[in-house]
Amino acid sequence: MLAPAAVAWLAGMGEAVPFLALGTVLAVQLGMLARPAAAFALLLPFLYLAAAVTAHATDAVVALVAAIAAAVGASASLGLQRGLSALLAAALLGSFNPAETAQALAESGWLLAGAAYGWTVASTWLRGANLPMPRLDGQSAPGYALLLACVTLCAWFAARVGSFAHPWWLPLAMVAVSEPSEEPGAARAVLRMLLAAIATMVLVFVTDVFETPASRAVLALPMLAAAVAATVRSHHLAAVFMAPLLLLLSGQPASREPPLDYLLDSLAAFVPVLIVASVGHWVLWTLRPASARVEAGAEPGSA
């Protein structure tokens, strides 16, 4: 799956490796979890580019991130939300990686190459891997879209003002664990989300134990395998791996802060976002009980 990134690394094109890897993995995610929208993988570099060049214009990048988050939430009525979250991941990464137009164009070009390869893999070798996701009924989807947009923006602003390394993992993690719930009660749904968010944060800290690029690349391979296996077994478990895996593939260096300082800085942003997300989930899943909102195991894109 990561052949283009490996070839670029062997050729000494280190600047291309993370974007080829990210493009490939995100495109495969779209192909496996949102088959009808697999071609949207070609939008990944353009969303990254738009976010990167507008990263200093808060109003513009906030509007972009909020619009994508709402669209991802609305797609839950078709069971496409997990796959389309790849588009949000590209925008979030760009929004925390401001660059001059020339540099952003070069990075998005490599991202396009990786996305095209990943789309090809998903459309050929993985054509039969069409994994069902929970699907919301039409009346619940607007509320879920609003929830996802609000949680994403809250996490984005908390990460923006935070002082911890590679903060884009926070809004991405909150989106990943904010899946439509099949639990019969709101309390159990919130508890599942809380545990998944905490587990994600723990994995993010584990990745920062590995400081050298080589060790982080080695760790990325078993984590990618674990993410694929978890996706087949449980979509809730798979959500835990999304942010840590993309963090490893991004090529961003490990935090240089003392571990305790990094933990405290991250918790200062993580805890308030977790509280807001918990309240939002509790309200939505209380207003829309499981029997009226989720059809588990629906084929993505089916009516």
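What counts and what doesn't
Residues numbered from 1 in each chain as written. Predicted model: local features only at pLDDT ≥ 70, side-chain atom pairs only at ≥ 80, totals over all residues. Heavy atoms only, no water. Helix = DSSP H or I, 4+ residues; strand = E, 2+ residues; numbered from the N terminus. Buried < 20%, exposed > 50% of the residue type's maximum accessible area, 1.4 Å probe, protein only. Contact = heavy atoms within 4.5 Å. Areas by Shrake-Rupley, 256 points an atom, 1.4 Å probe, with all protein chains shown as cover. Core = buried A, V, L, I, M, F, W, Y, C linked by side-chain atoms within 4.5 Å. Phe/Tyr/Trp six-rings, centres within 6.5 Å; stacked < 30°, edge-to-face > 60°. Axes fitted to C-alpha atoms, helices over the stretch in contact; angles between N-to-C directions. Left-handed = near helix turned anticlockwise from the far one by under 90°. Nonpolar A, V, L, I, M, F, W, Y, C, P; charged D, E, K, R; others polar. Parallel < 35°, antiparallel > 145°, perpendicular 65-115°, else oblique.

Observations regarding the overall build of the protein chain
For step 1, the next point in the chain: Along its length, the protein chain carries 13 helices and two strands.
For step 2, the next point in the chain: Within the protein chain, the proportion of its 303 residues that are buried is 54%.
For step 3, the next point in the chain: Taking the contacts inside the protein chain whose residues are at least 6 apart along the sequence as the reference set, 82% of them involve residues at least 24 apart.
For step 4, the next point in the chain: Summed over its atoms, the accessible surface of the protein chain is roughly 12300 Å², and 72% of this surface lies on carbon and sulfur atoms.

Comments concerning the environment of Leu-22
For step 1, the next point in the chain: The residue Leu-22 is located in helix 2 (residues 17–33) in this model.
For step 2, the next point in the chain: Taking the relative accessible area as the measure of exposure, Leu-22 reaches 4% and is therefore buried.
For step 3, the next point in the chain: Between the alpha carbons of Leu-22 and Leu-112 there is a distance of 9.9 Å; along the sequence they are 90 residues apart.
For step 4, the next point in the chain: If sequence neighbours within four positions are ignored, Leu-22 has contacts with Leu-93, Leu-111, Leu-246, Leu-249 and Ser-250.

Considering unusual backbone geometry
For step 1, the next point in the chain: Phi at His-166 is positive, roughly 30°, even though this residue is not glycine.
For step 2, the next point in the chain: Structurally, His-166 can be placed in the loop between helix 7 (141–161) and helix 8 (169–177).
For step 3, the next point in the chain: Under the relative-accessibility criterion, His-166 is labelled buried at 8%.

Regarding the nonpolar core
For step 1, the next point in the chain: Counting residues in hydrophobic clusters, the biggest one holds 98 residues, and the most contacted among them are Leu-44, Trp-169, Leu-170, Met-174, Leu-246 and Leu-249.
For step 2, the next point in the chain: No other element matches the 11 residues that helix 11 (residues 235–249) contributes to this core.
For step 3, the next point in the chain: Once residues within four sequence positions are removed from consideration, Met-174 is found in contact with Val-151, Ala-155, Met-193, Ala-197, Phe-270, Val-273, Leu-274 and Ala-277.

Focus: the packing of aromatic side chains
For step 1, the next point in the chain: This structure, assessed with the given rule, holds seven aromatic pairs.
For step 2, the next point in the chain: Ring geometry for Phe-96 and Trp-156: centres 5.8 Å apart, planes at 55°, overall tilted. Of this pair, Phe-96 sits in the loop between helix 5 (81–95) and helix 6 (101–123) while Trp-156 sits in helix 7, and the two are 60 residues apart along the sequence. Of the two residues, Phe-96 and Trp-156, both sit in the buried class.
For step 3, the next point in the chain: Here Trp-156 and Phe-157 contribute two aromatic rings whose centre-to-centre distance is 5.1 Å and whose plane-to-plane angle is 85°, an arrangement assigned as edge-to-face.
For step 4, the next point in the chain: We classify Phe-157 as partly exposed; its relative accessible area is 39%.
For step 5, the next point in the chain: Aromatic ring contacts, followed pair by pair, group Phe-96, Trp-156 and Phe-157 into a single cluster.

A closer look at the packing of helix 8 against helix 12 (residues 259–287)
For step 1, the next point in the chain: Running from N to C, helix 8 and helix 12 point in directions that differ by 35°, and their axes come no closer than 11 Å. As for the relative orientation of helix 8 and helix 12, their crossing is right-handed in sense. In contact with Trp-169, Leu-170 and Met-174 of helix 8, helix 12 contributes Tyr-262, Ala-269, Phe-270, Val-273, Leu-274 and Ala-277.
For step 2, the next point in the chain: Counted by class, the contact of helix 8 with helix 12 contains nine nonpolar, no polar and no charged residues.

Quick notes on the packing of helix 5 against helix 7
For step 1, the next point in the chain: Packing of helix 5 against helix 7 leaves a shortest axis separation of 13 Å and a crossing angle of 25°. With respect to each other, helix 5 and helix 7 are oriented roughly parallel. Seen along the crossing, helix 5 lies across helix 7 with a hand that is right-handed. On helix 7, the residues touching Gln-81, Leu-88, Leu-92 and Ser-95 of helix 5 are Tyr-144, Thr-152, Trp-156 and Arg-160.
For step 2, the next point in the chain: Among the residues making up the contact of helix 5 with helix 7, the classes are represented as four nonpolar, three polar and one charged.

Keep in mind that these numbers describe shape and distance, not what the molecule does.
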